[in-house]
Amino acid sequence: MSDLPERISVREVGPRDGLQNEDPVPTEAKIELIDRLSATGVQRIEAVSFVRPEAIPQMADADEVWRGIERAPSVRYSALVPNLRGARRALDRGVTEIEAVVSASDTHNRKNVNRSTGESLDDIAVVIDEAHQRGATCQVIVSTAWGCPYEGDVPVERVVRTAGRAVADGADCISFGDTTGMATPRRVRDLVGAFRSAHPDVALNLHFHNTRGTGLANVLAALELGVWDFDASVGGLGGCPYAPGATGNIATEELVHMVEDMGVATGIDLAAMIDAAADAERIIGRRLPSQVLRAGPRTRIIQA
Ligand code: ZN
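Okay, so let's go over this structure. None of the values given here were measured: they were computed from a predicted structure.

1. Considering unusual backbone geometry
Across residues other than glycine, the phi torsion is negative in most instances, and most of the peptide bonds are trans. A positive phi angle is found at Asn-114, which is not glycine, with a value near 60 degrees. Tracing the chain through its elements places Asn-114 in the loop between α5 (106-113) and α6 (117-133). For Asn-114, a relative accessible area of 67% corresponds to the exposed category. Not every positive phi belongs to a glycine, and Thr-144 is a case in point at roughly 50 degrees. Within the element layout of this structure, Thr-144 appears in the loop between β5 (137-143) and α7 (156-168).

As structure tokens, this is what we get:
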């Protein structure tokens, strides 16, 4: 395990990706959760999404949340934007890191935004320019990178080509999202390997779901390839939009629990993250899928 990265950067996506896929919760509870997460040592938090409230009611209070959170100096807060209008809204509110999404699957992209992947990439090129002109960075998230609910497997070449177009248009980082939980370690190696060969110097983030139980195995495969930037969601907040009741995002505390034991630093205080997961569970009012939240860390001692 000696050539694993010494440390990884974790982006906590529970407040945005997680809560967007749960029943709406009060603004105050969101702010409280983000503030709580800010104190765990995590260095990045995807806080909100600036979308039309009619499109995603869960994010209707993005302005209030963005205004209301107490910013920790050690944390970078980002926002997801659906289009140029959302990007301008975010940039007007002082967001310095935005994320734009495109699906590698044409069918999925059309179902989501009624445009082809190519058309979305055209739009994103403008979003990237706007962000750069205003001193912000723009990450491009390529979703359905390991499979599409409508098309099944998405060819690696198509995913790399989609990402490559965003890179050519100036994306500051590429994220591959396993939107449907179809990734396995072998498929992680295939895609990361192909992307690295084509774009060895481009920053890469990976976003895994644990829908089929391979979430942390995929992280391990990626670590062994030297990937050091991962998304995770406190408590495993956020279900799978394509399989009601199924698990979505990998849980942050499970990621921290595994990699720290392998000597890979995250900067995150595991106990604090488990407490935040318990909070998230209270806020959401349903049992979250995180197993580390249930069982505690492996070193937990029971009074004999
Ligand atoms: Zn997700």
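On we go.
2. A few points about empty space enclosed by the protein
Tallying each qualifying case throughout the model produces one cavity of 30 Å³ or more. Taken as a whole, the largest cavity spans an internal volume of roughly 40 Å³. Taken together, Pro-15, Leu-19, Lys-30, Ile-34, Ala-47, Val-48, Met-59, Asp-61, Ala-62 and Val-65 make up the lining of the largest cavity. When contributions to the lining of the largest cavity are tallied by element, the ones reaching two or more residues are α1 (14-20), α2 (27-38), β2 (44-49) and α3 (62-68).

3. A few points about the coordination of the zinc ion
Surrounding the zinc ion are the protein donor atoms Asp-17 (OD), His-207 (NE2), His-209 (NE2) and Asn-249 (OD1), at 2.1 to 2.2 Å. Geometry at the zinc ion is irregular, judged from the four donor atoms that bind it and their angles of 87 to 171 degrees at the metal.

4. Remarks on the environment of Trp-66
Mapped onto the elements, Trp-66 comes out in helix α3. Put simply, Trp-66 and Val-95 are 29 residues apart on the chain and 9.0 Å apart in space, counted from C-alpha to C-alpha.

5. Some words on the layout of surface pockets
Taken as a whole, the largest pocket spans an internal volume of roughly 1200 Å³. In terms of lining, the largest pocket is formed by 44 residues, of which the most central are Gln-20, Ile-56, Leu-80, Val-101 and Asn-112. Of the residues in the lining of the largest pocket, the class split is 16 nonpolar, 17 polar and 11 charged. Lining the second largest pocket are 16 residues, with Arg-44, Arg-76, Glu-97, Gln-139 and Cys-173 sitting closest to its centre. Contributing elements (two or more residues each) for the lining of the second largest pocket: β1 (9-12), β3 (76-81), β4 (97-103) and β5.

6. Quick notes on the pattern of salt bridges
Opposite charge on two side chains allows them to pair when their charged atoms are near. A full pass over the atoms with the stated rule returns 24 salt bridges. A salt bridge links Arg-110 to Asp-106; the shortest N-O distance between them is 3.7 Å. With Arg-110 and Asp-106 both in helix α5 and four residues apart, the pair spans about one turn of that helix. Exposure remark for Arg-110: the relative accessible area of 44% places this residue in the partly exposed category.

7. A few points about the sheet that holds β1
On the basis of which strands lie adjacent, the closed barrel formed by eight strands has the order β1-β2-β3-β4-β5-β6-β7-β8 and parallel pairing. This sheet shows a mean twist of 30 degrees between the axes of neighbouring strands, independent of strand direction. In the sheet, β1 pairs with strand β8 (residues 229-232) via four bridges, with the strands oriented parallel. Across the sheet, Arg-11 pairs through a bridge with Asp-231, a residue of β8. Relative to β2, α2 is tilted by about 165 degrees, and along the sheet it contacts β1, β2 and β3.

8. Quick word on the packing of aromatic side chains
Scanning the entire structure with this criterion turns up five aromatic pairs. Relative to Phe-176, the ring of Trp-146 has its centre 6.2 Å away and its plane inclined at 80 degrees; by these criteria the two rings are edge-to-face. On the criterion of sequence distance, the pair formed by Trp-146 in the loop between β5 and α7 and Phe-176 in strand β6 (residues 173-177) is long-range, its members being 30 residues apart. A residue is classified by how much of its surface remains accessible, and Phe-176, at 0% relative accessible area, is buried. An angle of 85 degrees between the planes, with centres 6.2 Å apart, marks the rings of Tyr-150 and Tyr-242 as edge-to-face.

9. Details of the nonpolar core
Grouped burial of nonpolar side chains is what soluble globular proteins tend to show. Core analysis: the largest hydrophobic core is formed by 90 residues, its most contacted members being Ile-174, Phe-176, Leu-206 and Phe-230. In terms of residue count, the dominant contributor to this core is helix α11 (residues 270-284) (seven residues). For Leu-206, the contacting residues outside a window of four places in its chain are Trp-146, Phe-176, Val-192, Ala-222, Val-227, Asp-229, Phe-230 and Asp-231.

Rules behind the numbers
Residue positions are counted from 1 within each chain, in the order its sequence is given. With pLDDT at 70 or above as the cut-off, local features in this predicted model cover only qualifying residues; side-chain atom pairs require 80 or more to be listed or tallied, and sums for whole chains, interfaces and linings still use all residues. Just so you know, side-chain values use all the structure's heavy atoms and leave hydrogens and water out. By the criteria applied, helices consist of DSSP H or I runs no shorter than four residues and strands consist of E runs no shorter than two, each listed in order from the N terminus. Each residue gets one of three labels from its accessible area relative to the maximum for its type: buried under 20%, exposed over 50%, partly exposed in between, using a 1.4 Å probe on protein chains only. Whether a set of points on the 1 Å grid over the protein atoms alone is a cavity depends on a 1.4 Å probe fitting there but being unable to get out, while an open set qualifies as a pocket with protein on both sides within 12 Å along at least five of seven lines; lining residues are those with an atom within 4 Å of a point. Grid points are joined across faces, edges and corners, and a volume is the space filled by probe spheres set on the points. Coordination here is defined by N, O and S atoms within 2.8 Å of the metal (3.2 Å for Na, K and Ca), and since water is not considered, a site can look incomplete. Angle rules define the geometry names used: all angles between 85 and 135 degrees makes four donors tetrahedral, while opposite donors over 155 degrees apart and all other angles between 65 and 115 make four donors square planar and six octahedral, leaving every other case irregular. Note on residue categories: nonpolar means Ala, Val, Leu, Ile, Met, Phe, Trp, Tyr, Cys or Pro, charged means Asp, Glu, Lys or Arg, and polar means any other residue, Gly included. For this document, the term salt bridge refers to a Lys or Arg side-chain nitrogen within 4 Å of an Asp or Glu carboxyl oxygen. Two strands pair under a simple rule: DSSP has to find at least two bridges between them. Here the axes come from fitting lines to C-alpha atoms, over the contacting stretch only for helices, and the angles between their N-to-C directions go from 0 to 180 degrees. Should any heavy atoms of two residues lie within 4.5 Å, those residues are considered in contact. Any two of the Phe, Tyr and Trp rings considered here, Trp counted by its six-membered ring, make a pair once their centres fall within 6.5 Å; the pair's planes then place it as stacked at under 30 degrees, edge-to-face at over 60, or tilted in between. As used here, the term nonpolar core means buried Ala, Val, Leu, Ile, Met, Phe, Trp, Tyr and Cys residues forming a set that is joined through side-chain atoms within 4.5 Å.

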